[in-house]
Amino acid sequence: MGFIERAIADGRLVPGDRLPPQRQLADLLKLDLTTVTRAYSEAKARQLVHARGAYGTFIAAPKVELAPLVDLGMNMPPPPAGLDLGDLIKRGIEQVLTRVDANLLMAYHASGGGKADRAAGALWLAPMLGQVDPSRIAVCPGAQAALAGLIVALTQANDGIAVEPLVYPGILGAARQLGRRIVSVECDEDGMRPDALMRACREQGVRAVYLNPTLRNPTAQTMPEQRRRDLALAVRECGVPLIEDDPYWRLADHAPPPIAHWAPECVHYLSTLSKSLSPGLRMAYVASPDESAQLRFLAAMNATALMPSPLTMALSTQWMHDGTAMQLLQGVRAEARARLQLAESLLALREQAWPAAGIHVWYTLPEPWTGQTFARAARAEGLAVSASSAFSPGDEDVRAIRLSFGGVTEHARLAQALRKLAGILMRGEDPELAARPII
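Before going into details, it helps to say that this report is about the structure given with it. Computed from a predicted model, the values in this text were never measured in an experiment.

Reading the values: rules and limits
Residues numbered from 1 in each chain as written. Predicted model: local features only at pLDDT ≥ 70, side-chain atom pairs only at ≥ 80, totals over all residues. Heavy atoms only, no water. Axes fitted to C-alpha atoms, helices over the stretch in contact; angles between N-to-C directions. Helix = DSSP H or I, 4+ residues; strand = E, 2+ residues; numbered from the N terminus. Left-handed = near helix turned anticlockwise from the far one by under 90°. Contact = heavy atoms within 4.5 Å. Pairing = 2+ DSSP bridges. Right-handed = clockwise from strand over helix to strand, strands pointing away. Buried < 20%, exposed > 50% of the residue type's maximum accessible area, 1.4 Å probe, protein only. Lys, Arg positive; Asp, Glu negative; His and termini not counted. Salt bridge = Lys/Arg side-chain N within 4 Å of Asp/Glu carboxyl O. Polar contact = N/O pair within 3.5 Å; in protein donor to acceptor, adjacent residues only side chain to side chain. Core = buried A, V, L, I, M, F, W, Y, C linked by side-chain atoms within 4.5 Å.

### What about the packing of helix α13 (residues 324-347) against helix α15 (residues 411-427)?
- Packing of α13 against α15 leaves a shortest axis separation of 9 Å and a crossing angle of 30°. Viewed along their axes, α13 and α15 form a crossing whose handedness is right-handed. Residues Glu335, Ala338, Arg339, Leu342, Ala343, Leu346 and Leu347 of α13 form the contact with α15, whose own contacting residues are His411, Leu414, Ala415, Leu418, Arg419, Leu421 and Ala422.

So this is what it looks like as C-alpha coordinates:
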(Lines give C-alpha, C1' and ligand atoms only; values in the text may rest on other atoms or scores of the structure.)
Protein backbone atom coordinates (compact mmCIF):
# COMPACT_ATOMS: atom_id res chain seq x y z
CA MET A 1 0.00 0.00 0.00
CA GLY A 2 2.75 2.43 0.96
CA PHE A 3 4.59 1.60 -2.27
CA ILE A 4 1.55 2.52 -4.38
CA GLU A 5 1.08 5.80 -2.52
CA ARG A 6 4.77 6.76 -2.83
CA ALA A 7 4.87 5.80 -6.51
CA ILE A 8 1.87 8.03 -7.23
CA ALA A 9 3.40 10.89 -5.25
CA ASP A 10 6.73 10.84 -7.11
CA GLY A 11 5.18 10.27 -10.53
CA ARG A 12 6.28 6.69 -11.15
CA LEU A 13 2.60 5.72 -11.34
CA VAL A 14 0.18 8.07 -13.11
CA PRO A 15 -3.62 7.97 -13.64
CA GLY A 16 -4.52 5.24 -16.09
CA ASP A 17 -1.52 2.98 -15.37
CA ARG A 18 -2.55 -0.67 -15.06
CA LEU A 19 -1.30 -2.54 -11.99
CA PRO A 20 -0.15 -6.17 -12.27
CA PRO A 21 -2.68 -8.87 -11.34
CA GLN A 22 -2.57 -9.57 -7.61
CA ARG A 23 -1.16 -13.10 -7.89
CA GLN A 24 1.55 -11.96 -10.31
CA LEU A 25 2.56 -9.12 -8.00
CA ALA A 26 2.63 -11.47 -4.99
CA ASP A 27 4.97 -13.83 -6.83
CA LEU A 28 7.16 -10.93 -7.98
CA LEU A 29 7.50 -9.45 -4.47
CA LYS A 30 7.62 -12.84 -2.71
CA LEU A 31 4.58 -11.87 -0.61
CA ASP A 32 1.55 -13.80 0.53
CA LEU A 33 -1.42 -13.29 -1.84
CA THR A 34 -3.67 -12.13 1.04
CA THR A 35 -1.22 -9.33 1.83
CA VAL A 36 -1.37 -8.04 -1.74
CA THR A 37 -5.16 -8.42 -1.80
CA ARG A 38 -5.44 -6.34 1.39
CA ALA A 39 -3.18 -3.67 -0.07
CA TYR A 40 -5.26 -3.42 -3.26
CA SER A 41 -8.45 -3.22 -1.18
CA GLU A 42 -7.03 -0.46 0.99
CA ALA A 43 -5.82 1.47 -2.08
CA LYS A 44 -9.30 1.19 -3.59
CA ALA A 45 -10.92 2.37 -0.33
CA ARG A 46 -8.62 5.41 -0.36
CA GLN A 47 -9.56 6.05 -4.02
CA LEU A 48 -5.97 5.62 -5.22
CA VAL A 49 -7.00 2.88 -7.67
CA HIS A 50 -10.16 1.70 -9.35
CA ALA A 51 -10.98 -1.82 -10.51
CA ARG A 52 -12.46 -2.47 -13.96
CA GLY A 53 -13.38 -6.13 -13.62
CA ALA A 54 -11.61 -8.40 -16.10
CA TYR A 55 -9.64 -5.43 -17.46
CA GLY A 56 -7.68 -5.13 -14.20
CA THR A 57 -6.87 -2.49 -11.61
CA PHE A 58 -5.79 1.02 -12.64
CA ILE A 59 -4.36 4.12 -10.96
CA ALA A 60 -7.26 6.52 -10.37
CA ALA A 61 -7.35 10.17 -11.30
CA PRO A 62 -6.79 12.49 -8.34
CA LYS A 63 -9.92 13.38 -6.44
CA VAL A 64 -11.19 16.85 -7.38
CA GLU A 65 -13.80 18.82 -5.49
CA LEU A 66 -16.68 19.17 -7.93
CA ALA A 67 -19.36 20.39 -5.52
CA PRO A 68 -21.38 23.12 -7.27
CA LEU A 69 -22.67 26.29 -5.72
CA VAL A 70 -25.67 25.81 -3.46
CA ASP A 71 -28.34 27.30 -5.68
CA LEU A 72 -30.64 29.79 -3.96
CA GLY A 73 -30.89 31.81 -7.17
CA MET A 74 -32.89 29.69 -9.62
CA ASN A 75 -36.65 29.81 -9.06
CA MET A 76 -37.98 26.26 -9.26
CA PRO A 77 -40.40 24.12 -7.26
CA PRO A 78 -38.93 21.85 -4.59
CA PRO A 79 -39.17 18.06 -4.73
CA PRO A 80 -42.75 17.11 -3.77
CA ALA A 81 -43.19 16.07 -0.15
CA GLY A 82 -44.17 12.45 0.43
CA LEU A 83 -43.85 11.36 -3.22
CA ASP A 84 -41.29 9.32 -5.13
CA LEU A 85 -40.86 11.40 -8.27
CA GLY A 86 -38.87 8.70 -10.02
CA ASP A 87 -41.62 6.16 -9.44
CA LEU A 88 -44.27 8.60 -10.69
CA ILE A 89 -42.29 9.20 -13.89
CA LYS A 90 -41.77 5.48 -14.45
CA ARG A 91 -45.45 4.64 -13.97
CA GLY A 92 -46.53 7.64 -16.03
CA ILE A 93 -44.37 6.63 -19.00
CA GLU A 94 -45.67 3.05 -18.76
CA GLN A 95 -49.25 4.36 -18.89
CA VAL A 96 -48.43 6.60 -21.84
CA LEU A 97 -46.94 3.65 -23.76
CA THR A 98 -50.08 1.57 -23.22
CA ARG A 99 -52.21 4.09 -25.09
CA VAL A 100 -49.81 5.71 -27.57
CA ASP A 101 -47.67 4.10 -30.26
CA ALA A 102 -44.02 4.73 -29.34
CA ASN A 103 -43.33 5.78 -32.94
CA LEU A 104 -45.80 8.65 -32.56
CA LEU A 105 -43.90 9.89 -29.51
CA MET A 106 -40.81 10.25 -31.70
CA ALA A 107 -42.58 12.05 -34.58
CA TYR A 108 -43.57 15.65 -35.35
CA HIS A 109 -46.88 16.79 -33.88
CA ALA A 110 -49.29 19.60 -34.66
CA SER A 111 -48.33 22.96 -33.19
CA GLY A 112 -50.29 23.80 -30.06
CA GLY A 113 -50.92 20.22 -29.01
CA GLY A 114 -53.51 17.60 -29.86
CA LYS A 115 -57.08 17.34 -28.59
CA ALA A 116 -56.18 15.44 -25.41
CA ASP A 117 -53.27 17.82 -24.68
CA ARG A 118 -55.47 20.91 -24.98
CA ALA A 119 -58.12 19.24 -22.82
CA ALA A 120 -55.40 18.66 -20.21
CA GLY A 121 -54.60 22.37 -20.39
CA ALA A 122 -58.26 23.19 -19.81
CA LEU A 123 -58.21 21.02 -16.67
CA TRP A 124 -55.12 22.82 -15.38
CA LEU A 125 -56.55 26.29 -16.07
CA ALA A 126 -60.04 25.63 -14.72
CA PRO A 127 -59.38 26.87 -11.14
CA MET A 128 -58.05 30.15 -12.54
CA LEU A 129 -60.29 30.79 -15.55
CA GLY A 130 -63.30 28.53 -15.03
CA GLN A 131 -64.49 26.37 -17.90
CA VAL A 132 -62.26 27.06 -20.90
CA ASP A 133 -62.87 25.83 -24.43
CA PRO A 134 -59.86 23.57 -25.13
CA SER A 135 -59.68 24.93 -28.67
CA ARG A 136 -58.60 28.30 -27.16
CA ILE A 137 -55.59 26.67 -25.48
CA ALA A 138 -52.16 26.16 -27.01
CA VAL A 139 -49.63 23.78 -25.46
CA CYS A 140 -46.11 25.24 -25.55
CA PRO A 141 -42.55 24.06 -24.73
CA GLY A 142 -42.24 26.16 -21.58
CA ALA A 143 -43.15 29.70 -20.58
CA GLN A 144 -40.06 31.36 -22.05
CA ALA A 145 -40.82 30.08 -25.55
CA ALA A 146 -44.44 31.13 -25.09
CA LEU A 147 -43.41 34.65 -24.01
CA ALA A 148 -41.22 35.06 -27.08
CA GLY A 149 -44.08 33.84 -29.28
CA LEU A 150 -46.52 36.27 -27.69
CA ILE A 151 -44.13 39.20 -28.13
CA VAL A 152 -43.74 38.37 -31.83
CA ALA A 153 -47.49 37.89 -32.30
CA LEU A 154 -48.62 41.02 -30.46
CA THR A 155 -45.96 43.64 -31.22
CA GLN A 156 -43.57 44.88 -33.87
CA ALA A 157 -39.97 46.09 -33.77
CA ASN A 158 -39.43 49.08 -31.45
CA ASP A 159 -42.91 48.81 -29.90
CA GLY A 160 -43.04 49.44 -26.17
CA ILE A 161 -43.92 46.70 -23.68
CA ALA A 162 -45.09 47.99 -20.30
CA VAL A 163 -43.70 46.24 -17.24
CA GLU A 164 -43.38 46.91 -13.52
CA PRO A 165 -40.09 48.36 -12.19
CA LEU A 166 -39.13 44.94 -10.78
CA VAL A 167 -39.95 42.18 -13.22
CA TYR A 168 -39.17 38.62 -14.32
CA PRO A 169 -35.83 38.73 -16.20
CA GLY A 170 -37.13 36.41 -18.93
CA ILE A 171 -39.43 39.09 -20.34
CA LEU A 172 -36.57 41.60 -20.33
CA GLY A 173 -34.26 39.27 -22.23
CA ALA A 174 -36.89 38.21 -24.76
CA ALA A 175 -38.03 41.78 -25.47
CA ARG A 176 -34.49 43.06 -25.96
CA GLN A 177 -33.48 40.18 -28.21
CA LEU A 178 -36.57 40.78 -30.35
CA GLY A 179 -35.97 44.53 -30.65
CA ARG A 180 -38.82 45.73 -28.43
CA ARG A 181 -38.57 48.58 -25.94
CA ILE A 182 -39.15 47.98 -22.24
CA VAL A 183 -41.24 50.72 -20.62
CA SER A 184 -41.13 50.70 -16.83
CA VAL A 185 -44.47 51.83 -15.37
CA GLU A 186 -44.81 53.28 -11.89
CA CYS A 187 -46.12 51.02 -9.12
CA ASP A 188 -47.48 51.45 -5.61
CA GLU A 189 -47.93 48.84 -2.88
CA ASP A 190 -50.69 47.13 -4.93
CA GLY A 191 -48.68 46.87 -8.16
CA MET A 192 -48.77 48.69 -11.49
CA ARG A 193 -50.79 51.90 -11.32
CA PRO A 194 -53.61 52.03 -13.89
CA ASP A 195 -53.23 55.80 -14.41
CA ALA A 196 -49.50 55.43 -15.03
CA LEU A 197 -50.18 52.61 -17.51
CA MET A 198 -52.69 54.71 -19.45
CA ARG A 199 -50.21 57.58 -19.59
CA ALA A 200 -47.48 55.25 -20.87
CA CYS A 201 -49.82 53.97 -23.58
CA ARG A 202 -50.56 57.54 -24.71
CA GLU A 203 -47.04 58.95 -24.47
CA GLN A 204 -44.49 56.12 -24.83
CA GLY A 205 -45.79 53.91 -27.60
CA VAL A 206 -46.81 50.98 -25.40
CA ARG A 207 -48.38 48.26 -27.56
CA ALA A 208 -48.53 45.44 -24.98
CA VAL A 209 -48.47 45.00 -21.22
CA TYR A 210 -46.75 42.27 -19.20
CA LEU A 211 -47.88 41.44 -15.66
CA ASN A 212 -47.15 38.65 -13.19
CA PRO A 213 -49.83 39.45 -10.58
CA THR A 214 -49.71 36.44 -8.23
CA LEU A 215 -46.66 35.88 -5.97
CA ARG A 216 -44.90 38.24 -8.33
CA ASN A 217 -41.36 37.43 -9.36
CA PRO A 218 -39.26 38.73 -7.64
CA THR A 219 -41.16 40.44 -4.79
CA ALA A 220 -43.56 37.55 -3.93
CA GLN A 221 -46.40 40.09 -3.63
CA THR A 222 -49.91 39.25 -4.83
CA MET A 223 -51.92 41.98 -6.52
CA PRO A 224 -55.28 42.54 -4.79
CA GLU A 225 -58.53 41.99 -6.64
CA GLN A 226 -59.51 45.64 -6.99
CA ARG A 227 -56.21 46.52 -8.66
CA ARG A 228 -56.72 43.64 -11.09
CA ARG A 229 -60.17 44.99 -11.96
CA ASP A 230 -58.77 48.50 -12.47
CA LEU A 231 -55.96 47.26 -14.73
CA ALA A 232 -58.44 45.21 -16.75
CA LEU A 233 -60.39 48.41 -17.36
CA ALA A 234 -57.19 50.31 -18.24
CA VAL A 235 -56.01 47.83 -20.91
CA ARG A 236 -59.51 47.73 -22.34
CA GLU A 237 -59.64 51.53 -22.60
CA CYS A 238 -56.12 51.69 -24.08
CA GLY A 239 -56.88 48.91 -26.56
CA VAL A 240 -53.61 47.08 -25.82
CA PRO A 241 -53.20 43.34 -25.20
CA LEU A 242 -52.07 42.07 -21.81
CA ILE A 243 -49.75 39.11 -21.30
CA GLU A 244 -50.76 37.73 -17.90
CA ASP A 245 -47.93 35.46 -16.82
CA ASP A 246 -49.31 33.52 -13.84
CA PRO A 247 -46.90 30.68 -12.97
CA TYR A 248 -47.52 30.75 -9.21
CA TRP A 249 -51.32 31.05 -8.97
CA ARG A 250 -51.61 27.35 -8.12
CA LEU A 251 -49.06 27.75 -5.30
CA ALA A 252 -50.76 30.75 -3.67
CA ASP A 253 -53.28 30.73 -0.84
CA HIS A 254 -56.62 32.26 -1.87
CA ALA A 255 -55.31 34.17 -4.88
CA PRO A 256 -57.81 36.56 -6.51
CA PRO A 257 -59.14 35.64 -9.96
CA PRO A 258 -56.72 36.50 -12.78
CA ILE A 259 -57.03 39.77 -14.69
CA ALA A 260 -58.25 37.63 -17.59
CA HIS A 261 -61.44 37.09 -15.59
CA TRP A 262 -62.37 40.77 -16.08
CA ALA A 263 -60.91 41.41 -19.54
CA PRO A 264 -61.00 38.08 -21.41
CA GLU A 265 -61.02 39.82 -24.78
CA CYS A 266 -57.68 41.56 -24.04
CA VAL A 267 -55.69 39.00 -22.06
CA HIS A 268 -53.37 36.25 -23.22
CA TYR A 269 -53.16 34.05 -20.13
CA LEU A 270 -50.00 31.98 -19.57
CA SER A 271 -49.49 29.24 -16.98
CA THR A 272 -46.44 26.99 -16.84
CA LEU A 273 -45.86 23.66 -15.10
CA SER A 274 -42.16 24.47 -14.68
CA LYS A 275 -42.72 26.71 -11.63
CA SER A 276 -45.44 24.66 -9.95
CA LEU A 277 -44.68 20.99 -10.74
CA SER A 278 -41.25 20.50 -12.32
CA PRO A 279 -39.02 22.41 -14.76
CA GLY A 280 -38.19 19.08 -16.40
CA LEU A 281 -41.67 18.95 -17.92
CA ARG A 282 -41.05 22.16 -19.94
CA MET A 283 -44.77 22.58 -20.53
CA ALA A 284 -46.94 25.70 -20.56
CA TYR A 285 -50.51 26.53 -21.54
CA VAL A 286 -51.60 29.74 -23.26
CA ALA A 287 -55.28 30.67 -23.36
CA SER A 288 -55.89 33.17 -26.18
CA PRO A 289 -58.77 35.68 -26.28
CA ASP A 290 -60.12 34.39 -29.60
CA GLU A 291 -59.32 32.22 -32.61
CA SER A 292 -57.65 35.00 -34.58
CA ALA A 293 -55.28 35.82 -31.71
CA GLN A 294 -54.46 32.14 -31.28
CA LEU A 295 -53.64 31.70 -34.97
CA ARG A 296 -51.21 34.63 -34.83
CA PHE A 297 -49.60 33.17 -31.73
CA LEU A 298 -49.26 29.69 -33.24
CA ALA A 299 -47.70 31.17 -36.37
CA ALA A 300 -45.10 32.88 -34.18
CA MET A 301 -44.46 29.64 -32.30
CA ASN A 302 -44.07 27.71 -35.55
CA ALA A 303 -41.28 30.06 -36.56
CA THR A 304 -39.30 29.40 -33.38
CA ALA A 305 -40.09 26.45 -31.09
CA LEU A 306 -42.52 24.60 -33.41
CA MET A 307 -43.82 22.13 -30.78
CA PRO A 308 -43.25 20.73 -27.30
CA SER A 309 -41.43 17.43 -26.92
CA PRO A 310 -44.11 14.81 -27.68
CA LEU A 311 -42.87 12.54 -24.89
CA THR A 312 -43.04 15.13 -22.10
CA MET A 313 -46.29 16.52 -23.52
CA ALA A 314 -47.80 13.02 -23.40
CA LEU A 315 -46.58 12.53 -19.82
CA SER A 316 -48.01 15.91 -18.73
CA THR A 317 -51.32 15.09 -20.41
CA GLN A 318 -51.43 11.67 -18.76
CA TRP A 319 -50.78 13.20 -15.35
CA MET A 320 -53.49 15.84 -15.83
CA HIS A 321 -56.11 13.26 -16.77
CA ASP A 322 -55.25 10.62 -14.14
CA GLY A 323 -54.84 13.01 -11.19
CA THR A 324 -51.08 12.64 -10.74
CA ALA A 325 -50.56 16.35 -11.50
CA MET A 326 -52.76 17.26 -8.54
CA GLN A 327 -50.80 14.87 -6.28
CA LEU A 328 -47.58 16.54 -7.41
CA LEU A 329 -49.01 19.99 -6.84
CA GLN A 330 -50.09 19.14 -3.30
CA GLY A 331 -46.65 17.69 -2.56
CA VAL A 332 -44.89 20.77 -3.94
CA ARG A 333 -47.16 23.11 -1.96
CA ALA A 334 -46.50 21.22 1.27
CA GLU A 335 -42.75 21.16 0.73
CA ALA A 336 -42.66 24.82 -0.33
CA ARG A 337 -44.49 25.84 2.83
CA ALA A 338 -42.10 23.84 5.01
CA ARG A 339 -39.12 25.52 3.35
CA LEU A 340 -40.56 28.99 3.78
CA GLN A 341 -41.04 28.29 7.48
CA LEU A 342 -37.49 26.96 7.76
CA ALA A 343 -36.08 30.05 6.05
CA GLU A 344 -38.15 32.39 8.21
CA SER A 345 -36.89 30.74 11.40
CA LEU A 346 -33.23 30.77 10.37
CA LEU A 347 -33.10 34.20 8.77
CA ALA A 348 -35.29 35.93 11.38
CA LEU A 349 -37.23 37.85 8.75
CA ARG A 350 -40.41 38.42 10.71
CA GLU A 351 -39.98 42.19 10.47
CA GLN A 352 -40.21 41.93 6.68
CA ALA A 353 -43.17 41.10 4.46
CA TRP A 354 -43.04 37.29 4.44
CA PRO A 355 -45.18 35.30 2.00
CA ALA A 356 -47.24 32.43 3.39
CA ALA A 357 -46.83 30.40 0.20
CA GLY A 358 -44.68 30.18 -2.91
CA ILE A 359 -41.08 29.26 -3.68
CA HIS A 360 -39.20 32.56 -3.26
CA VAL A 361 -38.91 35.65 -1.08
CA TRP A 362 -37.66 39.19 -1.67
CA TYR A 363 -35.18 40.07 1.04
CA THR A 364 -34.34 43.71 1.80
CA LEU A 365 -30.71 43.96 2.85
CA PRO A 366 -29.37 46.09 5.70
CA GLU A 367 -26.89 48.83 4.95
CA PRO A 368 -24.30 48.96 3.51
CA TRP A 369 -25.12 45.96 1.32
CA THR A 370 -26.44 46.23 -2.22
CA GLY A 371 -27.80 43.27 -4.14
CA GLN A 372 -24.62 42.83 -6.16
CA THR A 373 -22.18 43.16 -3.25
CA PHE A 374 -24.17 40.66 -1.22
CA ALA A 375 -24.39 38.25 -4.18
CA ARG A 376 -20.58 38.40 -4.53
CA ALA A 377 -20.09 37.76 -0.80
CA ALA A 378 -22.52 34.83 -0.94
CA ARG A 379 -20.77 33.35 -3.97
CA ALA A 380 -17.48 33.46 -2.11
CA GLU A 381 -19.15 31.20 0.47
CA GLY A 382 -20.44 28.80 -2.19
CA LEU A 383 -23.97 30.21 -2.39
CA ALA A 384 -25.82 31.56 -5.44
CA VAL A 385 -28.48 34.24 -4.88
CA SER A 386 -30.19 36.65 -7.30
CA ALA A 387 -29.25 40.32 -7.00
CA SER A 388 -31.89 43.01 -7.43
CA SER A 389 -30.27 44.32 -10.62
CA ALA A 390 -31.33 41.14 -12.48
CA PHE A 391 -34.97 42.21 -12.16
CA SER A 392 -34.60 45.89 -13.06
CA PRO A 393 -35.13 47.13 -16.64
CA GLY A 394 -32.39 49.67 -15.96
CA ASP A 395 -30.10 47.24 -14.08
CA GLU A 396 -30.60 49.31 -10.92
CA ASP A 397 -28.84 47.71 -7.95
CA VAL A 398 -30.87 48.26 -4.79
CA ARG A 399 -30.55 46.76 -1.32
CA ALA A 400 -32.37 43.51 -2.05
CA ILE A 401 -31.96 39.94 -3.26
CA ARG A 402 -34.35 37.20 -4.28
CA LEU A 403 -33.96 33.93 -2.41
CA SER A 404 -35.38 30.75 -3.96
CA PHE A 405 -35.74 27.56 -1.97
CA GLY A 406 -36.57 24.82 -4.46
CA GLY A 407 -33.16 24.17 -5.98
CA VAL A 408 -31.62 22.47 -2.92
CA THR A 409 -32.76 18.87 -2.57
CA GLU A 410 -32.00 18.16 1.10
CA HIS A 411 -33.42 20.12 4.06
CA ALA A 412 -30.14 19.84 5.97
CA ARG A 413 -28.17 21.39 3.10
CA LEU A 414 -30.74 24.15 2.71
CA ALA A 415 -30.59 24.89 6.44
CA GLN A 416 -26.78 25.06 6.30
CA ALA A 417 -26.95 27.47 3.36
CA LEU A 418 -29.45 29.70 5.15
CA ARG A 419 -27.26 29.80 8.25
CA LYS A 420 -24.37 30.91 6.06
CA LEU A 421 -26.51 33.70 4.65
CA ALA A 422 -27.46 34.79 8.15
CA GLY A 423 -23.78 34.84 9.08
CA ILE A 424 -22.88 37.04 6.11
CA LEU A 425 -25.65 39.46 7.09
CA MET A 426 -24.48 39.60 10.70
CA ARG A 427 -20.84 40.28 9.93
CA GLY A 428 -21.57 43.09 7.45
CA GLU A 429 -19.72 44.18 4.32
CA ASP A 430 -16.19 44.35 5.63
CA PRO A 431 -13.32 43.29 3.32
CA GLU A 432 -11.40 41.65 6.17
CA LEU A 433 -14.44 39.80 7.48
CA ALA A 434 -15.55 38.86 3.96
CA ALA A 435 -12.47 36.69 3.62
CA ARG A 436 -13.36 34.61 6.66
CA PRO A 437 -15.20 31.35 5.99
CA ILE A 438 -18.42 30.62 7.83
CA ILE A 439 -18.54 27.16 9.39
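### Observations concerning the sheet that holds strand β5 (residues 160-163)
- One open sheet accounts for seven strands, arranged β4-β12-β11-β10-β9-β5-β6; its pairing is mixed. The outermost strands of the open sheet, each flanked by one partner alone, are β4 (137-140) and β6 (181-184). Neighbour-to-neighbour, the strand axes of the sheet open up by a mean angle of 25°, direction not taken into account.
- Here β5 pairs with strand β9 (residues 206-211) via three bridges, running parallel. For alanine 162, the partnering residue across the bridge sits in β9 and is valine 209.
- Packed on one face of the sheet, helix α11 (residues 291-302) meets β4, β11 (267-272) and β12 (284-287) and runs near 15° to β4.

### Some details on the pairing of β6
- When β5 meets β6, the two strands line up parallel, connected through four bridges. Its bridge partner lying in β6, alanine 162 is registered against valine 183.
- In this view, the connection linking β5 to its parallel neighbour β6 by way of helix α8 (residues 169-177) has right-handed handedness.

### Notes on α8
- Along α8, the residues that are buried comprise Gly170, Ile171, Leu172, Ala174 and Ala175.
- In this structure, the buried side of α8 is in contact with α7 (143-154), β5, β6 and β9.

### Describing the side chain of arginine 402
- When you line up the elements, arginine 402 lands in strand β16 (residues 400-404).
- Within the buried core, arginine 402 has no salt-bridge partner, and the shortest N-O distance to an opposite charge, that of aspartate 71, equals 7.2 Å.
- At 2.8 Å, the side chain of arginine 402 and the side chain of asparagine 217 are in polar contact.
- There is a polar contact of 3.3 Å between the side chain of arginine 402 and the side chain of serine 404.

### Examining the nonpolar core
- The biggest cluster of nonpolar side chains holds 56 residues, and the ones touching the most others in it are Trp124, Leu197, Val209 and Tyr285.
- If sequence neighbours within four positions are ignored, leucine 197 has contacts with Ala162, Val185, Met192, Val209, Leu231, Ala234 and Val235.
- One finds Ala343, Leu414, Leu421 and Ala422 within the second-largest nonpolar core, a separate group that totals 28 residues.

### Here we look at the sheet that holds β16
- Read from one edge of the open sheet, three strands run β13-β16-β15, paired in antiparallel fashion. Edge positions in the open sheet fall to β13 (360-364) and β15 (386-387), since each of these has one partner strand only.
- Examined bridge by bridge, β15 and β16 share two bridges and lie antiparallel to one another. Paired with serine 386 across the bridge in β16 is arginine 402.

### Regarding the pattern of salt bridges
- Considering all chains together, one arrives at 10 salt bridges under this definition.
- Here aspartate 87 ties to arginine 91 by a salt bridge, and the two come within 3.0 Å at their closest N and O atoms. Separated by four residues within a single helix, aspartate 87 and arginine 91 lie in helix α4 (residues 85-99), roughly one turn from each other.
- For aspartate 87, a relative accessible area of 32% gives the class partly exposed.
- Given a relative accessible area of 38%, arginine 91 falls into the partly exposed group.
- Linking aspartate 253 and arginine 333 is a salt bridge whose minimum nitrogen-to-oxygen distance equals 2.8 Å. Placement of aspartate 253 in the loop between β10 (242-245) and β11 and of arginine 333 in helix α13 is noted, with a sequence separation of 80 residues between them.
- For arginine 333, a relative accessible area of 26% translates into the label partly exposed.
- Salt bridges sharing partners connect three or more residues here, namely Glu186, Arg193 and Asp195.

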